[in-house]
Each structure stands twice: as C-alpha cells, then as structure tokens.
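Chain residues, written in single-letter form:
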Amino acid sequence: MPMNSHSTILDVTFVWQSENVTVTPQWSLYGLCDGHGGSKAATFVKDNIVLELQKRLPEWIPESWSSPEVAEFAFSVMEAVSEAIQTMEKKWRTSAMTDHSGSTITLALRCDRFLTVANVGDSSAFLDCGGSIHPVTHSHRLEDNPFEVQRLRDAGITIARVRGTYELEPALPDETGIGALRVWPGGLAMGRSFGDVDAPRPVTAQPHIKQMVIPEEGARLYLGSDGVWDVLNATAITRSCRHQVPQQASHLIMDRIILGSGGCPIDDATIVVADMLPESTRKDFLGASKPAPRKKRFKRRMFSKSGKNPFDFLCEIDSIDIRPLPARVDSSAPVRIQPKSSIGRHLHCSATSLDIFHTPRKDTFMEEEEEGEEKIGIHADSL
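Residues numbered from 1 in each chain as written. Predicted model: local features only at pLDDT ≥ 70, side-chain atom pairs only at ≥ 80, totals over all residues. Heavy atoms only, no water.

*Asks:* Give me the environment of K55: which residues, what numbers.
*Replies:* Here K55 shows up in the loop between α1 (40-54) and α2 (69-95). It is 8.3 Å that separates the C-alpha atoms of K55 and A80, two residues lying 25 residues apart in sequence. (Helix = DSSP H or I, 4+ residues; strand = E, 2+ residues; numbered from the N terminus.)

*Asks:* Could you give an account of the pattern of salt bridges, naming the residues involved and the relevant values?
*Replies:* A complete count under the given rule lists 17 salt bridges for this structure. Note that K46 and D47 form a salt bridge whose closest N and O atoms lie 3.1 Å from each other. Here K46 falls in the buried class, since its relative accessible area comes to 18%. Measuring nitrogen to oxygen at the nearest pair gives 3.4 Å for the salt bridge that ties R141 to D226. With R141 in the loop between β8 (133-135) and α3 (146-154) and D226 in helix α4 (residues 226-229), this residue pair connects regions lying 85 residues apart in the sequence. No difference in accessibility class separates R141 from D226, as the two residues are buried. Salt bridges here are not isolated pairs; linked through shared partners, they connect E52, K55, R56, E83 and K91. (Salt bridge = Lys/Arg side-chain N within 4 Å of Asp/Glu carboxyl O. Buried < 20%, exposed > 50% of the residue type's maximum accessible area, 1.4 Å probe, protein only.)

*Asks:* Please provide a residue-by-residue account of the confidence of the model for the protein, values included.
*Replies:* For the protein, per-residue confidence averages 77 on the pLDDT scale, and residues scoring 70 or more make up 71% of the total. pLDDT under 50 marks residues 323-347. Its contacts with residues more than four places away, or in other chains, come to 62 contacts. (pLDDT = per-residue confidence, 0-100. Contact = heavy atoms within 4.5 Å.)

*Asks:* I'd like a rundown of the packing of aromatic side chains, residues and numbers included.
*Replies:* Per the stated rule, a full pass over the model turns up 10 aromatic pairs. Considering the side-chain rings of F73 and F114, the 5.3 Å spacing of their centres and the 75 degrees angle between planes classify their relative orientation as edge-to-face. With a gap of 41 residues between them, F73 in helix α2 and F114 in strand β6 (residues 114-120) connect regions that are remote in the sequence. Each member of the pair, F73 as well as F114, carries the same accessibility label: buried. An aromatic cluster is present here, built from W27, W60, W65, F73 and F114 joined pairwise through their rings. (Phe/Tyr/Trp six-rings, centres within 6.5 Å; stacked < 30°, edge-to-face > 60°.)

Structure (structure tokens):
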C-alpha cells in the first residue's frame, strides 16, 4: 500500500507495508525523523528510504525463528538497513550541499515476528511486551554517550559546550561553558546525524541496530523524538498507556508532555505508537497487555520454569565498526511461521505531534483496510 505520512514543521513520521500480501516475506516499516535547521533532510529520508530498502531486503524468510537460518537472515536485514541509510547520506551530500538541515532517523522494520530497529541520533524507541519494557535504540546524544564523545575526540574533533557569549561558538579549554556538549564546527549535540553538511565528517549517519523476535502475544512499539523523552520515560508512558488504544495513547502522551512542561514545551515532540500482533486475532494490544504485577507474579510470568527470559535480543550491532554480538537462538522454544494468509493481519499505528512553532490544531485520521490485508492507521494531531 502507499506510504502514510505526517509531518509538522521539522518532524516527519511515516508508515509503509508491502503491497502484495500473497508474497512472502511481508514487510512493514515505521519511521520517525526529527529534523533540525529545516525539514528537507527529514523529508528526503521519508521520500527515499522505502526504495533503498526494497533494493536490498532478503526475498526469503526462515522456516522457524529458532533455526540456524535466523542468524543469516538477521545479518542480511542489518546489512540492507545500514546500506540503505548510508546510500541516502551519500546522495544527500552530493545533491543538497547548499542545504544545512539535518535529522535523526529511527526506523522499525518488521517481517512477521522479526523486528529490526535502527537509529541515528537521539530519537529513541522502546518495546512494551505487556510485562516488560525493552529499549531498542541507542542514543547518540553526546551528553549521554561517552563512547561517541571519545570516538569523535580520537578523530581530532572538538567537543565542548557553548561559550557564554551571544555567538554560537565553543567554550575555551579553561572555560566551563553552558548547555550540552556539542560537536564543533556546527554545534551539533549528537555524534551521529543525517545531513548536517556543516558538521565534520566523523559525524555520520551510520546506525545502531537491534534485532529481536516479537513475543507470540504481540507487543507495542513506541518511537519518540527527544521532545518526548526529555519530559517522560518509558515506565511513565507504559503505566499510563497500556490500557489505551494507540490513538488514545498518543494523545495522552502529548497531554502529559504539556503538563510536565508547565504548559510551555520547549521542543517539538512526536510519538508513534504501533501495536504489532503478527500471530494473534486481537485487534489491538489491550488484550495482550497486563496490569503492573507484584514482584512474585512478575517472576512467574516473565520467566519460564527453566529460568530463561522468553524475550531476548538476537543481535545488537553498531554499524560504524560492524561488531555483531553472537546471534542467540533459543532452540527450546521453536516458533513456526503461520500461513501467509494470517501473517500480520492486524496492526494499528498512531502518530501524534506537538509542534511548538505551529499553533493551529489539526486532527486527521487516515486509514486503509482491505479484507485479508494488514490494517494501518495514522492519527496525526498538531498543537
């Protein structure tokens, strides 16, 4: 189906899925780009990412998510995502040298129960499995990531806070400076970003990638720009939203951001809430999520009799130096692929944005559904 998208002045969200439901594998993509210095870089990613992925994604799927083939499949998907982002970066640098905008990139790519999340910058995401919360991104904000600071300093790049003057310039070595750590020249507060042609080349768009198998009961994915996470955390969001449908959850998160900011948010905020139920007849995540349990109940539900946690990351890769962790496949819990007709039938996704530079309130809902196809809806709300 065509891509559904929504954008404010700087933030762009998009959802896409494979058009031919009779062909395996089926892919679904959820994306969020938080632009800065303009929206052209974020829009460029939205307009090009699907085409670049389609050129590279594997055309096969493992017979079982517990088979040795999973490691090969995971690496193929990781390579496709990493190469797609880096190809877009090269095209951007050669075609838009006069544009000084930049953007974070957070992508969640799903094939049946297999989920790959790639991120560049500080737009974070987490997965709610109903009884546990799992971060699925790796922030490249310099203030929170000593590895990125050291990597850039090893490359000879100046990392400093802003000097206490009216000019945007780095603090001198003997000055404390104000605000967050930044890369100079350019003053970017992240070690990785898409675009930003003014930043030194060690500031790259090479993503951090995590891959996992979604539990049989399904899961809920949250993608948010830094304007969300500067006010709320994953625990606060899940406590408020586990028993809300995605559309209600995204609105509730925006309301809590306004409240938590004293009614005056200082940054744009965008949240994408997606229910992923690849092997379930449920219409949303409400039936899969459970109330916050007591510790004793938590232990019984989250761990099997053998003591193993049923949820585990298959792979975590920093594509800047390609250091994959060994693929971990639990052969004691085989999972078979469902028939093509039932793969990914039910899905609901909601995106809500609060743009501090945009005062008119917009409330739109786009939905497309055909019998036997996956259902995708986007709710976009700007304040």
